[in-house]
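Residues per chain, in single letters:
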Amino acid sequence: MNPEQALQEIGASERPIEPFRHTLAKQAIKLERGKTTTLQINVGLLCNQSCRHCHLGAGPHRRENMSAQTAEEVIAYAERSRFEVLDITGGAPELNPNIETLIKKLSSLAPRIMIRSNLSALDGRKRDEWIGLLKDHGVVIVASFPSLDEAQADSQRGKGNFQKSIDSLRKLNAVGYGYEGTGLELDLVSNPTGAFLPSSQAQMEKRFREVLKKKGGIVFNHLYSFANAPLGRFRQWLLQSGNLESYLRRLASSFNPCAVEGVMCRTLVSVSWDGYLYDCDFNLARDLPMGGSRTHVSHMEGPPEPGTPIAVGEHCYTCTAGAGFT
Amino acid sequence: METYYKPEDLPKFVEIGKEAPDLAKKFFEYYNAVFAEGALTEREKALIALAVAHAVQCPYCIDAFTQACFEKGSNLAEMTEAIHVVTAIRGGASLVHGVQMRNIAQKISM
């Protein structure tokens, strides 16, 4: 902790953590929707990995997966709403049986379609076919790559996953992903591998670029560094390791009012595997539905209206810590 | 057991400014400027700080800069090597004074 943080945290251990809505009120900040431009689609909690920082607790034994009917309802919603970005996440989206249909139909419905990948869900011929599908439809790949250090990465994501990720990144580079001018965008996401906050995104991107190029000739377009949300499996780990309170305090004391303007929930709506709407994927994990009551995607005429209030909780400090989370 | 060093005292560091606010302000501004990216990266500076923290044996600094090193992207191997660097210098500083011992011994011996 540097003196600046010490200044913010003076006497912190003696007082409770301020509820997020109080913090907003004190700063006279009204958190409400602007124009909703992104539809995030969570296709389910099934995943080949059981990452220790996962806010959703996704894993191989989860059965929540988007059905063909819900997928069609989501596609119809995207068609009538005309979002600028469609962002497919999970779990591991690769493992949803309807993912190919979703990608094929959604790719013509927005200028930008992106998919979150853990880089380890598929291998062999299945992975090659998957990469071909993404390439053919110009899908942006946003890949989890927490650390340049194998031990740190594997401690978060499971033994062997660092090398699998490196292997997948090489495959993606081989077909043109990550290179300027190919139109095939490959972005990396780094989350801290413990109870600490991420560093400056620009500095991390610079270092990741240098090290990955030197070590394996791997290239990518952008790196995003995000704090871990104290939810799901990560919250359990924080609790078991005795880090929960100090982590929450750290997030709260790093509140940056300027970051509120850019938080994702102002411009994004998240739809869960069963078709219900949330202000973001973290609210989905907390089961805090958009507008305070469960609304199904099939009942939505278009994007949520600007000015709609956003449901908040303690976890919202994740997105307002430091430079923020978009 | 009572101890002089308590983790909850670290956030009280700033209270040092209560009796001499101008000096504290200058110190904290200088401190923050030192750790900002310059010719050295923030990551490199945090590693140096971690090593020095061990040399000066400051539990507060070890706590703070272990965390800072992780946040800036260092790994445990790098952090351990940084401590070895400062240990080598600290040990070497003792050993090199052996030259003085030898000089004196030579002077007073027949």
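Please read these numbers as outputs of a predicted model, since none were measured by experiment. The residue numbering used here restarts from 1 in each chain and proceeds along that chain's sequence as written. Lettering of chains starts at A and numbering of ligands starts at 1, both following the order in which they are written. Given that this is a predicted model, residues contribute local features only at a pLDDT of at least 70 and side-chain atom pairs are listed and counted only at 80 or more, while totals for whole chains, interfaces and linings are drawn from all residues.

Caption draft 1: How the structure looks around the overall build of chain B. Looking only at helices and strands, chain B has five helices and zero strands in total. Per the convention used, a helix needs a DSSP run of H or I reaching at least four residues, while a strand needs a run of E reaching at least two, with both numbered from the N terminus. Ordering the α and β elements of chain B from the N terminus gives α-α-α-α-α. Radius of gyration here is computed from C-alpha atoms only, and the compact-globule reference equals 2.2 Å multiplied by the residue count raised to the power 0.38. The C-alpha radius of gyration of chain B comes to 19 Å, more than 25% above the 13 Å expected for a compact globule of 110 residues. Looking at chain B as a whole, 17% of its 110 residues qualify as buried. C-beta atoms are placed from the backbone for every residue, and two residues are taken to be in contact when these atoms lie within 7 Å. In chain B, once contacts between residues fewer than 6 apart in sequence are set aside, the share between residues at least 24 apart is 58%. Here a residue counts as buried when 20 or more other C-beta atoms fall within 10 Å of its C-beta, as exposed when 12 or fewer do, and as partly exposed in between; the C-beta atoms come from the backbone.

Caption draft 2: Structural view of the packing of helix α3 (residues 68–81) of chain A against helix α4 (residues 99–106) of chain A. Residue and element names in this part refer to chain A. Note on definitions: angles span 0 to 180 degrees between N-to-C directions of axes, and those axes are lines fitted to C-alpha atoms, for helices only across the stretch in contact. The contact between α3 and α4 brings their axes to 10 Å, and the two run at 10 degrees. For the element pair α3 / α4, the angle class is roughly parallel. In this structure, the crossing between α3 and α4 has a hand that is right-handed. The segment α3 lies against α4, with A71, I75 and A78 engaging T101, L102, K105 and L106. Any angle between 65 and 115 degrees counts as roughly perpendicular, while under 35 counts as roughly parallel, over 145 as roughly antiparallel, and the rest as oblique. Two helices crossing with the near one rotated counterclockwise from the far one by less than a right angle form a left-handed crossing, whereas a clockwise rotation gives a right-handed crossing.

Caption draft 3: Geometry of the pairing of strand β3 (residues 112–117) of chain A. All names here are of chain A. When you tally the buried positions in β3, you get five out of six residues, the bulk of the element. In this structure, strand β2 (residues 85–89) lies alongside β3, joined through four bridges in parallel fashion. Opposite L86, over in β3, you have I113 as the bridge partner. Considered for its hand, the β-α-β crossover made up of β2, α4 and β3 is right-handed. Between any two strands, pairing holds if DSSP finds at least two bridges. As judged from the four bridges shared by β3 and strand β4 (residues 140–144), these two strands associate in the parallel manner. Residue pairing across strands places I115 opposite I141, the latter belonging to β4. As for the winding sense of the linkage, the β-α-β connection from β3 through helix α5 (residues 124–136) to β4 is right-handed. By convention, a crossover is right-handed whenever its connection, traced from the first strand over the helix to the second and viewed with the strands pointing away, goes clockwise.

Caption draft 4: Quick look at the sheet that holds strand β1 (residues 38–42) of chain A. All names here are of chain A. A sheet is described by the order of its strands in space; here eight strands give the open sequence β6-β5-β4-β3-β2-β1-β7-β8, paired in mixed fashion. Here the strands that pair on one side only, and so sit at the sheet edges, are β6 (222–225) and β8 (277–278). Summarising the sheet, β1 and strand β7 (residues 268–271) pair through four bridges and their orientation is parallel. Across the sheet, residue Q40 finds its bridge partner in β7, namely S270.

Caption draft 5: Here's a closer look at the nonpolar core. A78, L86, V139 and I141 of chain A are the most contacted members of the largest nonpolar core, which has 79 residues in total. Excluding its chain neighbours within four sequence positions, the residues that come into contact with I141 of chain A are I115, S117, L134, L172, Y177 and L186 of chain A. By definition, a nonpolar core groups buried Ala, Val, Leu, Ile, Met, Phe, Trp, Tyr and Cys residues that connect through C-beta atoms lying within 7 Å of each other. In terms of nonpolar packing, the next biggest core, distinct from the first, is built from 12 residues, A46, F65, A68 and C69 of chain B among them.

Caption draft 6: Broad picture of the environment of R294 of chain A. Residue and element names in this part refer to chain A. Considering the arrangement of structural elements, one finds R294 in the loop between α12 (281–286) and α13 (317–320). The exposure class of R294 is partly exposed, given the 15 C-beta atoms found within 10 Å. As for R294 and S144, which are separated by 150 residues in sequence, their C-alpha atoms are 30 Å apart. In contact with R294, other than residues within four places in its own chain, are Y276 and P289.

Caption draft 7: A look at helix α3 (residues 59–71) of chain B. All names here are of chain B. To estimate how far a helix should extend, the number of its residues minus one is multiplied by 1.5 Å. Counted at 1.5 Å a residue, the expected span for α3 with its 13 residues is 18 Å, and the 18 Å between its end C-alpha atoms agrees. Buried within α3 we find A64, F65, A68, C69, F70 and E71. Considering only its buried residues, α3 is in contact with α2 (42–55) and α4 (76–96). Of the residues trailing α3, G73 is marked for its positive phi of about 100 degrees.

Caption draft 8: Molecular detail of unusual backbone geometry. Residue and element names in this part refer to chain A. Going from G90 to G91, the amide bond is cis rather than trans, its omega being 25 degrees. Within the element layout of this structure, G91 appears in the loop between β2 and α4. One non-glycine residue, R82, adopts positive backbone phi at about 50 degrees. Looking at where R82 falls in the secondary structure, it is placed in the loop between α3 and β2. A count of 13 C-beta atoms within 10 Å places R82 in the partly exposed class. With phi around 55 degrees, D287 is a residue other than glycine that occupies positive phi space. Following the sequence through the fold, D287 ends up in the loop between α12 and α13. Overall, the presence of 10 C-beta atoms within 10 Å leaves D287 in the exposed class.

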